[in-house]
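Notes for the structure review
Chain residues, written in single-letter form:
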Amino acid sequence: MTFDASGGADAPPELVQLLTPEGERVEHPVYDIDLTPEEVRGLYRDLVLVRRVDMEAVALQRQGELGLWASLLGQEAAQIGSGRALTDADMAFPTYREHGVAWCRGVDPVNLLGLFRGVNHGGWDPAEHNFHLYTIVIGSQTLHAVGYAMGIQRDGADAASIVYFGDGATSQGDVNESFIWASVFNAPVVFFCQNNQWAISEPLEKQSRIPLYQRASGFGFPGVRVDGNDVFACLAVTRQALKNAREGQGPMLIEAFTYRMGAHTTSDDPTRYRVAGELEAWKLKDPIERVKAYLFKNQFADQDFFDAIDAEAVDLGRDMRKRCLEMPDPHPLEIFEHVYAEPHALLAEEREQYAAYLASFEGSER
Amino acid sequence: MTGTLTLAKAINEGLRTAMEDDPKVLIMGEDVGKLGGVFRVTDGLQKDFGESRVIDTPLAESGIIGTAIGLALRGYRPVCEIQFDGFVFPAADQIITQLAKMPLRSLGTIKLPIVVRIPCGGGIGAVEHHSESPEAYFTHTSGLRVVACSNPVDGYHMIQQAIRCDDPVIFFEPKRRYWDKTEVDRSATPLGFDRAQIVRPGTDVTVLSYGPMVKTVVQAAVAAEEEGRSLEVIDLRSLNPLDTGLIFDSVRRTGRCVVAHEAPVFSGLGGELAARVTEACFYSLEAPVLRVGGFSTPYPPSRLEDDYLPDLDRVLDAVDRTFAF
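Residues numbered from 1 in each chain as written. Chains lettered and ligands numbered in written order. Predicted model: local features only at pLDDT ≥ 70, side-chain atom pairs only at ≥ 80, totals over all residues.

1. Side note on the overall build of chain B
Regarding its fold elements, chain B presents 12 helices and 14 strands. The C-alpha radius of gyration of chain B comes to 19 Å, within 12% of the 20 Å expected for a compact globule of 325 residues. The principal-axis extents of the C-alpha atoms in chain B amount to approximately 60 × 40 × 40 Å. In chain B, the share of contacts with a sequence separation of at least 24, taken over all contacts with a separation of at least 6, comes to 80%. (Helix = DSSP H or I, 4+ residues; strand = E, 2+ residues; numbered from the N terminus. Rg over C-alpha atoms; globule rule 2.2 N^0.38 Å. Contact = placed C-beta atoms within 7 Å.)

Given below as structure tokens:
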């Protein structure tokens, strides 16, 4: 039995959906969106290209070029829909799986690979893209996003922050603290929870007895569940939530109901804990196929368009692979760089000692 | 401009000056606003700078540090108060995994000029969790600077230096010294906040300490002088990085070294100091470096804290033992 905070004991949670898995456009009384065919083609292109980025990274990991990869397979619509809702001034705080949002923020896909290849811990300038670094500790970034939003308030800026996290993260203390802070300070922040049903091997029942979006009401702000495989709905709801936040209406929780079609990471084996039929059922709700069907049905795109996107994806993957393989290992002494912004005597001493040690091998095999 | 200030008031004035100098400086913590902090260190600041710069936060330490990081990413310089030493642990995750490491993660594009003020140490008859010395957890974490003030002059100047620093700084304040008074010259050029200081010159043995123990060690040095022993007392001030140049120079002159801190001796900062002094000053040492500090027990109930905290006699006992070699 589950507790339903919205009223009726067994009432199914509402799910905002604007595009059915079959590609049918449906209306919603609160969240709607008017997209031109060109905009829809743009979203389709985003979806296909980020799936390709992801696929190439998985392959690179399988071939030993990356130590690890966290696949976004199945979550493309949640990420592209929300990512395309952001304005340049908005700030996004990702987990380590937000490759689609990174794409929307203009981060070069190759720069995502550095941390998984082990050449750095984060390969882009967050301020340049208004896209923060990947955070690996679960839920920590929610507080950063709220603090950033408190800064926006103090600056009087026309902006909001958005923070990404998963269903597992909702059990973390930091996420709950961030809800409290956002609420009491009325911070302009959108909490975007991709409920992909699995926290590695643990299903949602291990995290919550109520639908996650309903958590928001206990903290004093609105929560909404959106079809996370519907890029239109994710865009519409996130756009509205960000607008509300920018206009001083405070935080909102969006639960994007989706599915992790792949493993947690390339180190995981989901066959140990979930049945194959589940994946087959979710494949029918694929986030890309429904947009393709919509474009076809309405004659907003022809086969040439789809072929061109596919060709672009092939080129993108090829280019990404090439530049990944060319990525140089850092120099050993870089280990001492960027630990402190200002000179630090201990690090200077250790750096000097290690440089001398390395130099002692010059001319010989180490 | 000179005046007599308590340590609490000196830090308060240092905070005030920093806030006047830079509108990006914020204060955040539990009860720091209207109440002025449980030790009154932030007294009057919210009244003068407003609620958006002196922020009474929800009662959640991880939240304080986590949101301070977000504010710093937006260009602010938050000064966070952790109400008592033993309550820093809920924030330890944000401090260790995020605050200390995010600048490196960003390859230097992110700076986190955040100060975490922690009233520390025992001696005030408090209940559990209110008398601890957690500095070694933080000196062990790369990416943090760790300092400890011991007197009003340093309280006034070091807090401002910590705020101006572009690195995260853990700032320890010895709570049992909050009400000690000295003359503070506000216009004096302060010593660098990563420098140690000889607070009492001597010739026979170097005693290293910091925070609340500096006063105790100075008292021990006065008592030792009556017995004809000359103690050189060094206030480390900066615990990471250590000002090893000044320390080594002193030990090479005196040939003996004792380290005194309130924290348990085992795996404490004293171990690091002893190892470094031994390595650098080996041929000058007449005796092994000795350590005096808390026992390897949790901080005891307050009726026993005088037994736990190293006092003048335990410092002198260690000094005596260095002469037994």
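Next comes the rest of the description.
2. Quick look at the environment of Glu38 of chain A
Tracing the backbone through its elements, the reader meets Glu38 of chain A in helix H1 (residues 37–62). In the structure, Glu38 of chain A is positioned 263 residues away from Ala301 of chain A in sequence and 9.1 Å away in space, judged by C-alpha atoms.

3. Structural notes on the confidence of the model for chain A
The predicted model of chain A has a mean per-residue pLDDT of 95, with 96% of residues at 70 or higher. A low-confidence stretch, residues 1–9 of chain A stays under pLDDT 50, and its non-local contacts, those more than four residues away or across chains, total 11 contacts. (pLDDT = per-residue confidence, 0-100.)

4. Re the pairing of strand S3 (residues 189–195) of chain A
Residue and element names in this part refer to chain A. Among the 7 residues in S3, 7 count as buried, and that is most of the element. The alternating pattern of S3 places Val189, Phe191, Cys193 and Asn195 on one face and Val190, Phe192 and Gln194 on the opposite face, and all of these are buried. Across 6 bridges, the pairing between strand S2 (residues 161–166) and S3 is parallel. Considered in S3, the bridge of Gly166 is made with Gln194. Between the parallel pair S2 and S3, the chain is carried across by helix H7 (residues 173–184), and the sense of this crossover is right-handed. Across 6 bridges, S3 lies against strand S7 (residues 252–257) in parallel orientation. Among the inter-strand pairings, Phe191 is bridged to a residue of S7, identified as Leu253. (Buried ≥ 20, exposed ≤ 12 C-beta atoms within 10 Å, placed from the backbone. Pairing = 2+ DSSP bridges. Right-handed = clockwise from strand over helix to strand, strands pointing away.)

5. Some thoughts on the sheet that holds strand S13 (residues 257–264) of chain B
Residues and elements named next belong to chain B. Strand order in the open sheet made by the 5 strands is S9-S11-S10-S13-S14, with mixed pairing throughout. With one partner strand each, in any of the chains shown, strand S9 (197–200) and strand S14 (290–294) form the two edges of the open sheet. Each adjacent strand pair in this sheet contributes to an overall mean axis angle of 25 degrees, direction not counted. Bridging between strand S10 (residues 205–209) and strand S11 (residues 231–235) involves 5 bridges; their strand directions are parallel. Residue pairing in the sheet places Thr206 in a bridge with Glu232 of S11. (Axes fitted to C-alpha atoms, helices over the stretch in contact; angles between N-to-C directions.)

6. Some words on the nonpolar core
Counting residues in each nonpolar core, the largest one holds 194 residues, and the members touching the most others are Val189, Val190 and Ile254 of chain A together with Val147 of chain B. For this core, the element with the highest residue contribution is helix H9 (residues 231–246) of chain A, accounting for 10 residues. Contact partners of Val190 of chain A, with chain neighbours within four places excluded, come to Ala160, Ile162, Thr238, Ala241, Leu242, Ala245, Pro251, Met252 and Ile254 of chain A. (Core = buried A, V, L, I, M, F, W, Y, C linked by C-beta atoms within 7 Å.)

7. A short note on the packing of helix H6 (residues 140–155) of chain A against H7 of chain A
All names here are of chain A. Where H6 meets H7, the axes come as close as 7 Å, and the angle between the chain directions of the two elements is 15 degrees. What the angle tells us is that H6 and H7 run roughly parallel. Seen along the crossing, H6 lies across H7 with a hand that is left-handed. For the pair formed by H6 and H7, the contact residues are Ser140, Thr142, Leu143 and Val146 on the first element and Asp174, Val175, Glu177, Ser178, Trp181 and Ala182 on the second. (Parallel < 35°, antiparallel > 145°, perpendicular 65-115°, else oblique. Left-handed = near helix turned anticlockwise from the far one by under 90°.)

8. Topic: the packing of helix H1 (residues 7–21) of chain B against helix H7 (residues 152–164) of chain B
Each packed pair of helices is defined by two parameters, the angle between the axes and the distance between the axes. Residues and elements named next belong to chain B. It is the contact of H1 with H7, at a shortest axis distance of 7 Å, that shows an interaxial angle of 30 degrees. Relative to H7, H1 is oriented roughly parallel. Of the two elements, H1 crosses H7, and the hand of that crossing is right-handed. Between H1, through Leu7, Ala10, Ile11, Glu13, Gly14, Leu15, Thr17 and Ala18, and H7, the contact on the second element is made entirely by Pro152, Gly155, Tyr156, His157, Ile159, Gln160 and Ile163. A breakdown of the residues in the contact of H1 with H7 according to their chemical character gives 9 nonpolar, 5 polar and 1 charged. (Nonpolar A, V, L, I, M, F, W, Y, C, P; charged D, E, K, R; others polar.)

9. Overview of the domain arrangement of chain B
Residue and element names in this part refer to chain B. Domains assigned within chain B are domain 1 (2–185) and domain 2 (197–322). If you average the C-alpha positions of domain 1 and of domain 2, the two centres end up 26 Å apart. Listed per partner, the contact involves 23 residues of domain 1 and 21 residues of domain 2. For the side of domain 1 that touches domain 2, the secondary-structure elements that each account for two or more residues are helix H6 (135–139), strand S6 (145–148) and strand S7 (169–174). Within the side of domain 1 that touches domain 2, the residues separate by chemical class into 9 nonpolar, 8 polar and 6 charged. (Domains from an automatic or database assignment.)

10. Quick word on the domain arrangement of chain A
Here chain A is partitioned into domain 1 (37–330) and domain 2 (331–366). Spacing between the C-alpha centres of domain 1 of chain A and domain 2 of chain A amounts to 38 Å.

11. A look at the sheet that holds strand S5 (residues 115–120) of chain B
Residue and element names in this part refer to chain B. Strand order in the open sheet formed by 7 strands is S3-S2-S4-S5-S7-S6-S12, with mixed pairing between adjacent strands. Whereas interior strands pair on both sides, the edge strands pair on one side only; in this sheet they are strand S3 (54–56) and strand S12 (238–240). Direction aside, the axes of adjacent strands within the sheet are offset by 20 degrees on average. Note that strand S4 (residues 77–81) and S5 share 3 bridges and pair parallel.

12. Let's talk about the interface of chain A and chain B
The interface is formed by 33 residues belonging to chain A together with 35 residues belonging to chain B. For the side of chain A that touches chain B, the secondary-structure elements that each account for two or more residues are helix H5 (126–129), H6, H7 and helix H13 (345–359) of chain A. Sort the elements by how many residues they give to the side of chain A that touches chain B and H6 of chain A lands first, with 11 residues. Partitioned by chemical class, the residues of the side of chain A that touches chain B number 18 nonpolar, 10 polar and 5 charged.

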